[in-house]
Amino acid sequence: MPFDLNVNGRRHTIDADPSTPLLWVIRDHLGLTGTKFSCGIGQCGACTLHVDGQPVRSCSVAASTAVGKRITTIEGVSPDGNHPIQIAWKEFDTPQCGYCQSGMIMSALALLQRRADPSDADINASVTNACRCGSYHRVRQAIHFAANLMKNGRR
Amino acid sequence: MSETKRSAIDRREFLSVVAASSGAFVFGFWVPERAAAQNAAPEINAWIVISPDDTVTIRIAQTELGQGVWTSNAMMICEELQCDWTKVRPQYASANRDAREKAPEWTLKVMGNGATDPKGGGEPGFGNRDRTGVAGIPDSLYRRMRTNAASSVKDGRYYLQLAGAEARERLLLAAAALWNVPVAELTAKDSIITHTRSGRRTTYGQIADRAARTPHPNPEAITIKSPDQWTLMGTERKNLDVPDKVAGKTVYGIDVRVPGMKWAAVKACPVYGGTVRSYNFDAIRQLPGVRSAMQFPIPDAALTRGRIFSGGVAVIADHWYQAKAAVDRMPIEWDIPQANAAFNSAGMRATLLAALDRPGRVRVDQGNVEDAFARASKVIEATYSTPYLPRARMEPGNATVLVTNDRVDVWIGDQSPQETRFSASKITGIPEENVYVNLCHLGGGFGRNGNGPQAEQAIMIANAHRATPIHLLWTREEDFIGTTYRAAGVARLKAGLDADGWPIALEVRTSMQEDGFGPESSFDVASRYYVPNYRFSNHTTKFHVPVGTRRGIGQAAHEFYRESFMNELAHAAGKDPYRYRRELIARTSLPYKDDMIRALDLAAEMSGWGKPLPRGMARAIALEERGAETNRMATISAMVHTVSISREGKVKLERVDVAHETGFGLVNPLSVKKQIEGQITWFYNDAMHQANTIKDGRIVENNFNAFKLSRIDEDPPEINIRFFETKHWLLGMGHDRATSVQSAIGDAIFQITGKRFRDLPYAGQDLSWS
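Since we're looking at a predicted model, the values are computed, not measured.

Caption draft 1: Up close: the overall build of chain A. A tally of regular secondary structure across chain A gives 5 helices and 5 strands. Put simply, chain A runs from its N terminus to its C terminus through helices and strands in the order β-β-α-β-β-β-α-α-α-α. Relative to the 2.2 N^0.38 estimate, which gives 15 Å for 155 residues, the radius of gyration of chain A is 15 Å and therefore close to what a compact globule would have. Buried residues in chain A amount to 58% of all 155 residues. In chain A, the share of contacts with a sequence separation of at least 24, taken over all contacts with a separation of at least 6, comes to 61%.

Caption draft 2: Local environment of the overall build of chain B. When its secondary structure is counted, chain B shows 21 helices and 27 strands. The C-alpha atoms of chain B give a radius of gyration of 28 Å, which matches the 27 Å a tight globule of 770 residues would have. By principal-axis analysis of the C-alpha atoms, chain B measures approximately 80 × 80 × 45 Å. Restricting to contacts in chain B with at least 6 residues of sequence separation, those with at least 24 account for 78%.

Caption draft 3: Structural detail: the domain arrangement of chain A. All names here are of chain A. Domains assigned within chain A are domain 1 (3-76) and domain 2 (84-151). At 3 residues, strand S3 (residues 48-51) tops the list of elements feeding residues into the side of domain 1 that touches domain 2. Here the side of domain 1 that touches domain 2 is composed, by residue class, of 6 nonpolar, 7 polar and 1 charged.

Caption draft 4: Examining the pairing of strand S23 (residues 635-645) of chain B more closely. Residue and element names in this part refer to chain B. When you tally the buried positions in S23, you get 10 out of 11 residues, the bulk of the element. Here strand S22 (residues 617-626) runs beside S23; their pairing, made up of 10 bridges, is antiparallel. Looking at the pairing, Leu623 lines up with Ala638 of S23. Here S23 pairs with strand S24 (residues 651-661) via 9 bridges, running antiparallel. Directly across from Val640, in S24, lies its bridge partner Asp657.

Caption draft 5: Quick peek at the confidence of the model for chain B. Residues and elements named next belong to chain B. Here chain B shows a mean pLDDT of 91. Residues at 70 or above account for 91%. Here residues 1-38 is a poorly scored stretch, pLDDT under 50, and it has 54 contacts once near neighbours within four places are set aside; other chains count. Here residues 112-123 is a poorly scored stretch, pLDDT under 50, and it has 37 contacts once near neighbours within four places are set aside; other chains count. If you check the scores for this complex, the pTM reads 0.94 and the ipTM reads 0.98.

Caption draft 6: Quick look at the nonpolar core. Residue and element names in this part refer to chain B. Core analysis: the largest hydrophobic core is formed by 268 residues, its most contacted members being Ile48, Ala264, Val315 and Ala603. Broken down by element, this core gets its largest block of residues, 12 residues, from helix H7 (residues 152-179). Beyond its immediate stretch of four places on either side in the chain, Ala603 contacts Ile621, Ala638, Met639, Val640, Asp657, Val658 and Ala659.

Caption draft 7: Spatial organisation of unusual backbone geometry. Look at the link from Leu760 of chain B to Pro761 of chain B: it is a cis peptide, with omega at 0°. Tracing the backbone shows Pro761 of chain B in the segment after helix H21 (740-753). A positive phi angle, close to 50°, is found at Asn8 of chain A, a residue other than glycine. Relative to the elements of secondary structure, Asn8 of chain A occurs in the loop between strand S1 (3-7) and strand S2 (10-14). For Asn8 of chain A, a count of 18 C-beta atoms within 10 Å puts it in the partly exposed group. Positive phi, close to 55°, is recorded for Arg305 of chain B, a residue that is not glycine. Structurally, the position occupied by Arg305 of chain B is in the loop between strand S10 (290-296) and strand S11 (312-317).

Caption draft 8: How the structure looks around the sheet that holds strand S4 (residues 54-57) of chain A. Residues and elements named next belong to chain A. A sheet is described by the order of its strands in space; here 5 strands give the open sequence S2-S1-S5-S3-S4, paired in mixed fashion. Each edge of the sheet is formed by a strand with only one pairing partner; in this case those strands are S2 and S4. Sheet twist, expressed as the average angle between the axes of neighbouring strands with direction ignored, equals 40°. Note: S1 against S2, 5 bridges, orientation antiparallel. If you follow Asp4 over to S2, its bridge partner there is Thr13. Contacts between helix H3 (residues 101-114) and the sheet are confined to S3 and S4, with S3 contributing the most and set at about 40° to the helix.

Caption draft 9: Geometry of the domain arrangement of chain B. All names here are of chain B. Looking at chain B, the domain boundaries give domain 1 (25-236), domain 2 (253-338 + 397-473) and domain 3 (345-389 + 486-753). Between the C-alpha centres of domain 1 and domain 3 the distance comes to 39 Å. On the domain 3 side, the residues contacting the 21 residues of domain 1 number 20 residues. Here the element with the most residues in the side of domain 1 that touches domain 3 is helix H4 (residues 69-81); it accounts for 4 residues. Considering only residue class, the side of domain 1 that touches domain 3 consists of 9 nonpolar, 10 polar and 2 charged.

Caption draft 10: Spatial organisation of the interface of chain B and chain A. Taken together, the 48 residues of chain B in the interface contact 45 residues of chain A. Mapped onto the side of chain B that touches chain A, the elements with two or more residues apiece are helix H9 (242-246), helix H10 (320-329) and helix H20 (669-688) of chain B. Broken down by element, the side of chain B that touches chain A gets its largest block of residues, 8 residues, from H20 of chain B. When its residues are assigned to classes, the side of chain B that touches chain A shows 21 nonpolar, 14 polar and 13 charged.

Caption draft 11: Inspection of the environment of Arg756 of chain B at higher detail. All names here are of chain B. Among the structural elements, Arg756 can be located in the segment after H21. When the 14 C-beta atoms within 10 Å are taken as the criterion, Arg756 is described as partly exposed. For the pair Arg756 and Arg407, spaced 349 residues apart in sequence, the C-alpha separation works out to 59 Å.

Caption draft 12: Quick look at the packing of helix H18 (residues 577-586) of chain B against helix H19 (residues 593-607) of chain B. Residue and element names in this part refer to chain B. Here H18 crosses H19 at 165°, and the two axes come no closer than 9 Å. Taken together, the axis directions place H18 and H19 in an arrangement best described as roughly antiparallel. When you trace H18 past H19, the crossing you get is left-handed. Residues Tyr578, Arg581, Arg582, Ile585 and Ala586 of H18 form the contact with H19, whose participating residues are Lys593, Met596, Ile597, Leu600 and Ala604.

Cut-offs and rules
- Residues numbered from 1 in each chain as written.
- Chains lettered and ligands numbered in written order.
- Predicted model: local features only at pLDDT ≥ 70, side-chain atom pairs only at ≥ 80, totals over all residues.
- Helix = DSSP H or I, 4+ residues; strand = E, 2+ residues; numbered from the N terminus.
- Rg over C-alpha atoms; globule rule 2.2 N^0.38 Å.
- Buried ≥ 20, exposed ≤ 12 C-beta atoms within 10 Å, placed from the backbone.
- Contact = placed C-beta atoms within 7 Å.
- Domains from an automatic or database assignment.
- Nonpolar A, V, L, I, M, F, W, Y, C, P; charged D, E, K, R; others polar.
- Pairing = 2+ DSSP bridges.
- pLDDT = per-residue confidence, 0-100.
- Core = buried A, V, L, I, M, F, W, Y, C linked by C-beta atoms within 7 Å.
- Axes fitted to C-alpha atoms, helices over the stretch in contact; angles between N-to-C directions.
- Parallel < 35°, antiparallel > 145°, perpendicular 65-115°, else oblique.
- Left-handed = near helix turned anticlockwise from the far one by under 90°.

Given below as structure tokens:
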């Protein structure tokens, strides 16, 4: 039974079982591979994307739950990779292997959109993604840097 | 037309189809024929291609897994090439070409002998050249097409600098011939060649075509820059692949899409050595997207370095989630070897401990340990343990394989592509020269992408579905079955102290699973801390768990044992653990003792060692070394960890002060800092959270709900890293730094709570105090 999804501002008709996890519709049916699979049980956050601005662990929700809502993936954060959060990530050379970083950025972006100047405690509470390389130290610095860029009207 | 040539043409056609299907997809791996067909940019040598627009393509023979090798390898080449760094584009080298062509003669005469290299270089440690590809193919084009042992910079620097220098010299010779001027009058900088006397200038891009056709008359005479001449190496360079990573564009193995591709989900027998007795495909064949199912045997141990994994079942479907849902619902019965199903953690631990009571293989026996114990004023004994630990890299195991009747293509993030080519040839019967392994970035490596049989499983499945590309992807649970583990181990350390608290006897006995890596590390040859009577023996026991080269290998466990025990001795002697270590290193005659002392001194100074801390906080210091017993290469660092523990027993690593040596020179200090930060997290997890247990022969913790990964809230708020200069070439620092977190948290727990825990991890222990 085909259904429609609005992803990164575009409408797509999906021919898949609507109970398929949103992650696999995004990756396999739409070919947006920036959103990653890692644990499959909503634990690690590698699959984090936004549904109506809220961070969602897309491996663990059915695609049908996102029908009629706005989905944003890492590919939709900016057209050129230069959203302030991406500039900040580059400034600190934040990623190592990079596999968790799409989800990490989407969690951090959701926080920044809710709270313009997050405290360390806010970051601890909201950016709960797992990184095996240990990029956390730079992730925290990059979030504070991005908050400054965004406050100064870069976007 | 030869077989190989026909394959090359097939490949070009095939890949042009792939390129048309997805622009992003092509970026991640080497596409030689397509690159040649599209822009025909001149290749100066096997590492360097320069386009007319001055873009410099650098071919990288190691795999990028977060360590920064795409950038550090490019830096080593471009230091000599003297090109415009902003126009450098890394690209994976071709593993097939690596095997097909011989290395240029001028890379084979490697000068130097570690610390005494007259050209200021290092000595590639190529290890045994085993034809199975484990250690590389003798004199292959790129010298060393694998990524292991924190060795990419150490082993690569000499020939990579030479490659850059050879290309630069030929660019200069080409310009000199064009202008008919002596080459000595030309200068090269930022991709521009200038003849100052006549005011003529050209760019690398303009002269590259001529340079490609200009041989060097005497390449043996080319010299490389010593560290004091570096201008690019030694500077902090942001990693060249980071912009793609923050935009979600990087192509990992899991992201590979090939036209006509089907997906495979598998279940392997959860008890190693087990196989499939039966499965019922009829129960799932009607499910959406399902195409076929098949069973596969235990991968040939000759292809997996002797490790015995499991047989299993694969379901092939149009989409991965369909295959996964179907294999989950398919009835499977296993043939499980009873001997393996009898293994349980408690029994395995008892076996390891019991071995410590028996004489093992004596590796070192200096002085007379028994006599010294008899005259000791105090005897201290402690037994420590470390559990089985996996990589648990974030990207689950996967591989995409297309087998046709005369050719195999594998797309995979792989730290050892020549091993995978060997496997593909053996499994399919197709000659190795027609096997192409196309490298992708890895979502974490931590030891040959898990040492697991994901490639072998995928090749077996694709071989049964010839002409259909198969993308195998493990679930997280399968990844815990498919990875290899660091061997669990125990150690008993016993010291006799004299009346002043200095050790006069030390006996170390370790016991770990057979084939675990590094059973001698950190204790072999000589005690790192002075003791006149020293014995080290080890024991190994056969268990069924496949073990492999996990980040830190045996050394991470052994430094936990050694440094924990040094803390215990210092406390028993009533001495300061920093000064106690310092004095005992000063008393040795180890070649790098001065550097070890400097590391300890600097870390202590940085941390404010000795300054009072509030109740509930403590500092602990430890030494980290590899190779300190030799007089060749080594890597030395020391760290002080400042730890707080709440009255309720919550541990927080508050601050880490790191003193790390430079050796002759660090290639990219930014990458070194990131690796140090990352390893603090890695060994924090080993110390606090992580362990795999075995029940009825199965790995119990098989996803991130049961196997905990620390998050940003546990990251130390303050990390200070300082480098101190040393005069030897480093062994590498990508896998065995920050092992000190383990002993330091243990000692902080002791200082704050009075309780001593000797079994990792510490989580789950009652760490409260009042």
